[in-house]
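Descriptive analysis of the structure
Each chain is listed here by its residues.
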Amino acid sequence: MPAADTVLTGARVRTLDPARPEAGAVALAGGLVVAVGHESDVRDWRGPGTRVIDLGGATLAPGLTDAHSHPVWGIEMSTGADLTAVRDLDQLRAALRTAPRTGGWVLGWGLDHNAFGGRPVHRDLIEDSLGGAPAFLRLYDGHSALASGPALAAAGITGPRAFAQRSEIVCDADGAPTGHLVEHAAMALVGALAPTPPPAERRARLVELLSAMAATGLTGAHVMDLGDGDVPALLSTVEYEGHLPLRLRLAPWCMPGADEDTLAELIGLQGQRGRHWQVGGVKLFMDGSVEGGTAWLQHADCHGQGTEAFWPDPEAYSRAVRLLDAAGVRTATHAIGDAAVRHVLDTVASLGPRARMRHRIEHIETVPDDQLARFAEIGVIASMQPPHTAYTRADHTDEWSKRLGDERAGRAWRCRDLRDAGAVLALGSDWPIAHHDARQVLATALRPRGAASGGRALTGLMALEGMTSHAALAAGEEAVAGRIAPGLRADLTAFTVDPVTAGPDELAQAPVRLTVSGGRITHGEP
């Protein structure tokens, strides 16, 4: 018997393995779990070079995976002033006056729609705080931004434009741009001009970010983008210089207008990998955001918006999914509104039984009763982000709730209802839309906030499964991850509290004793 690299003892091990739900010790070798049991069961795995770590009563669980995150693209998105704490226009103006200039620009991110106090998003509200500098401020949803007059001028934006995808340069009654840019194609006109971090800084910030994520218990992330195509080279360089603290699974985007050649390129990317990352799946969009008026709804929102899909021809989306599915490619579709969710479910249902558990829907912010059971019936995975509920209010006075109206806002983030209906439910943060702290994801799942606070919460076990065994199912990796059992990946998280029984406040603040990704300790014991 070869010796283990590491033996972990003194723990309550929640394996999430039905064959052995609990244990007290685990042995690791070659990046895999090789033994699970009592301390006596792993004693023979010790050798002269084996590191033995006594976890001192901590609870050891399968390694946490953020099932929806943007750690690479997010570095660009989170460049500039952090505006996540801004609550009103006075605070916004004050933050912009003192914001650092990056290449002469004022950049900001994480701005809450509610900070505008119900007023339309307009550059006139911020121009006098910028001193004439071009500014590009990303709103928190990642689907809209506010650009100043000089920034619009630099991009040559003088009025509305037509796009191949659902995007808008918002203009006033006279046809003049307000600075509000809605959806990716419109935002990119200005965003492409804004300064971005140089390569060395980008690599350093990525490693720093992933290390911070590991400190909250994360061992991996499903990355819902491939950036501008240079991400594989970036990750390869990081691994050449050292190690990735998290295991990353990346899904490149498929946007409206994708032809067969584009789809063939996406199919060709599948399986590209490094030591601790790989391309797996494709990300599509069926709609945008509620606050931006681009969530696809069965009935218009209070502004008369939301009745159109992100793909101007929804059937073109369905054809793309059918082609990808035929090639064995898993898909993840951004669908926030009830009409968007319904269309994705209908599309996957048309693929037949072979498509079960190969496709997922991201976000699902409002969904009616008649769609809940379909997730399990069709075999579509629900991927949701509990921290998003913090941008709403229980009394429905926030922009998300006001746009939808009380009935639809009352169906907010139905995580528990989907679980009770038999759905596989993967949980994530959507960083940088919300903070990456995995403990916050779990805690908010136990106690939803805002418009979702009136709904039923997940149990501690359901929440833990959402970031472990169900996250593995969402990636098609249930045979190698999501549980603690011999032969599975050595991805482990040791909590100082029991995540299944701890209350949300206790769990949100509990230190993580140890994080292990691929058998390598990424946080905790040196």
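Values in this document were obtained by computation on a predicted structure and should not be read as measured data. (Residues numbered from 1 in each chain as written. Predicted model: local features only at pLDDT ≥ 70, side-chain atom pairs only at ≥ 80, totals over all residues. Heavy atoms only, no water.)

Moving on: the overall build of the chain. Per the secondary structure count, the chain includes 18 helices and 27 strands. Principal-axis analysis of the C-alpha atoms places the extent of the chain at approximately 80 × 50 × 50 Å. A total of 526 residues make up the chain; the buried ones form 61% of that total. If you take every contact in the chain between residues at least 6 apart in sequence, the share linking residues at least 24 apart comes to 73%. Total accessible area on the chain is roughly 19100 Å²; 50% of this is exposed by carbon and sulfur atoms. Side chains of the chain carry 48 positive and 63 negative charges; the gap between the two charge centres is 4 Å. (Helix = DSSP H or I, 4+ residues; strand = E, 2+ residues; numbered from the N terminus. Buried < 20%, exposed > 50% of the residue type's maximum accessible area, 1.4 Å probe, protein only. Contact = heavy atoms within 4.5 Å. Areas by Shrake-Rupley, 256 points an atom, 1.4 Å probe, with all protein chains shown as cover. Lys, Arg positive; Asp, Glu negative; His and termini not counted. Charge placed at Lys NZ, Arg CZ, Asp CG, Glu CD.)

On to the packing of aromatic side chains, then. The final tally for this structure, using the stated rule, is six aromatic pairs. Ring centres of tryptophan 253 and phenylalanine 285 lie 4.9 Å apart, and the angle between their planes is 80°; on these two criteria the pair is classed as edge-to-face. Here the residue tryptophan 253 occupies a position in strand 18 (residues 253–254), and phenylalanine 285 occupies one in strand 20 (residues 282–285), the gap between them amounting to 32 residues. The exposure class assigned to tryptophan 253 is partly exposed, which follows from its relative accessible area of 23%. (Phe/Tyr/Trp six-rings, centres within 6.5 Å; stacked < 30°, edge-to-face > 60°.)

Quick look at the pairing of strand 12 (residues 135–139) now. The buried fraction of strand 12 is high, at five of five residues. In strand 12, alternate side chains face the same way, and those of Ala135, Leu137 and Leu139 on one face and Phe136 and Arg138 on the other are all buried. For strand 11 (residues 105–111) and strand 12, the ladder comprises four bridges, and the chain directions are parallel. Residue pairing across strands places leucine 111 opposite leucine 139, the latter belonging to strand 12. One ladder, built from three bridges, connects strand 12 with strand 13 (residues 144–147); its direction is antiparallel. Opposite leucine 137, over in strand 13, you have leucine 146 as the bridge partner. Between the end of strand 12 and the start of strand 13, which pair antiparallel, lie four residues, with glycine 142 showing a positive phi angle near 75°. (Pairing = 2+ DSSP bridges.)

Quick look at the pattern of salt bridges now. By the definition in use, this model includes 35 salt bridges. The network of salt bridges with shared partners includes Asp369, Arg414, Arg416, Asp417, Asp420 and Arg456. (Salt bridge = Lys/Arg side-chain N within 4 Å of Asp/Glu carboxyl O.)

Before going further, it helps to spend a moment on the side chain of threonine 6. Position of threonine 6 relative to the elements: it lies in strand 1 (residues 6–9). Threonine 6 has contacts with Val26, Ala27, Leu28, Thr50, Arg51 and Ile53, leaving out every residue within four places of it along the chain.

Looking now at unusual backbone geometry. Following tryptophan 431, the chain continues into proline 432 via a peptide bond in cis, with omega recorded as 10°. Here proline 432 shows up in the loop between strand 24 (425–427) and helix 15 (438–446). One non-glycine residue, methionine 357, adopts positive backbone phi at about 65°. Following the sequence through the fold, methionine 357 ends up in the loop between helix 10 (338–349) and strand 22 (359–363). You will see that tryptophan 413, though not glycine, has its phi angle at about 45°, which is positive. Tracing the backbone shows tryptophan 413 in the loop between helix 13 (406–409) and helix 14 (415–420).

Turning to the packing of helix 8 (residues 260–269) against helix 9 (residues 314–326), a few remarks are in order. Where helix 8 meets helix 9, the closest approach of the two axes is 11 Å, and the angle between their N-to-C directions is 40°. Taken as axis vectors, helix 8 and helix 9 run oblique relative to one another. Considering the relative orientation of helix 8 and helix 9, their crossing is right-handed. Contacts from Glu260, Leu263 and Ile267 of helix 8 reach helix 9 at Ala320, Leu323 and Leu324. For the contact of helix 8 with helix 9, the per-class residue count stands at five nonpolar, no polar and one charged. (Axes fitted to C-alpha atoms, helices over the stretch in contact; angles between N-to-C directions. Parallel < 35°, antiparallel > 145°, perpendicular 65-115°, else oblique. Left-handed = near helix turned anticlockwise from the far one by under 90°. Nonpolar A, V, L, I, M, F, W, Y, C, P; charged D, E, K, R; others polar.)

A few words now on the environment of alanine 4. Following the sequence through the fold, alanine 4 ends up in the segment before strand 1. C-alpha separation for the pair alanine 4 and arginine 46, spaced 42 residues apart in sequence, amounts to 6.0 Å. In this structure alanine 4 touches Ala27, Leu28, Ala29, Trp45 and Thr50, once residues within four positions along its chain are discounted.

Within strand 23 (residues 380–384), five of the five residues are buried, leaving the element largely enclosed by the surrounding structure. On strand 23, burial covers both faces: Val380, Ala382 and Met384 on one face and Ile381 and Ser383 on the other are all buried. Summarising the sheet, strand 22 and strand 23 pair through four bridges and their orientation is parallel. Residue pairing in the sheet places arginine 360 in a bridge with isoleucine 381 of strand 23. Handedness of the β-α-β unit built from strand 22, helix 11 (residues 369–378) and strand 23 comes out right-handed. Both strand 23 and strand 24 contribute to a ladder of three bridges, which runs parallel. In the sheet register, methionine 384 faces strand 24, and the bridge partner there is leucine 427. (Right-handed = clockwise from strand over helix to strand, strands pointing away.)

Glancing now at the sheet that holds strand 23. In space, the six strands of this open sheet follow the order 18-20-21-22-23-24, with parallel pairing throughout. Edge positions in the sheet fall to strand 18 and strand 24, since each of these pairs with one other strand and no more. As defined by bridge partners, strand 18 adjoins strand 20 across two bridges and the pair is classed as parallel. Residue pairing across strands places cysteine 254 opposite leucine 284, the latter belonging to strand 20. Running over the sheet, helix 9 touches strand 18, strand 20, strand 21 (331–335) and strand 22 and is turned about 170° from strand 20.

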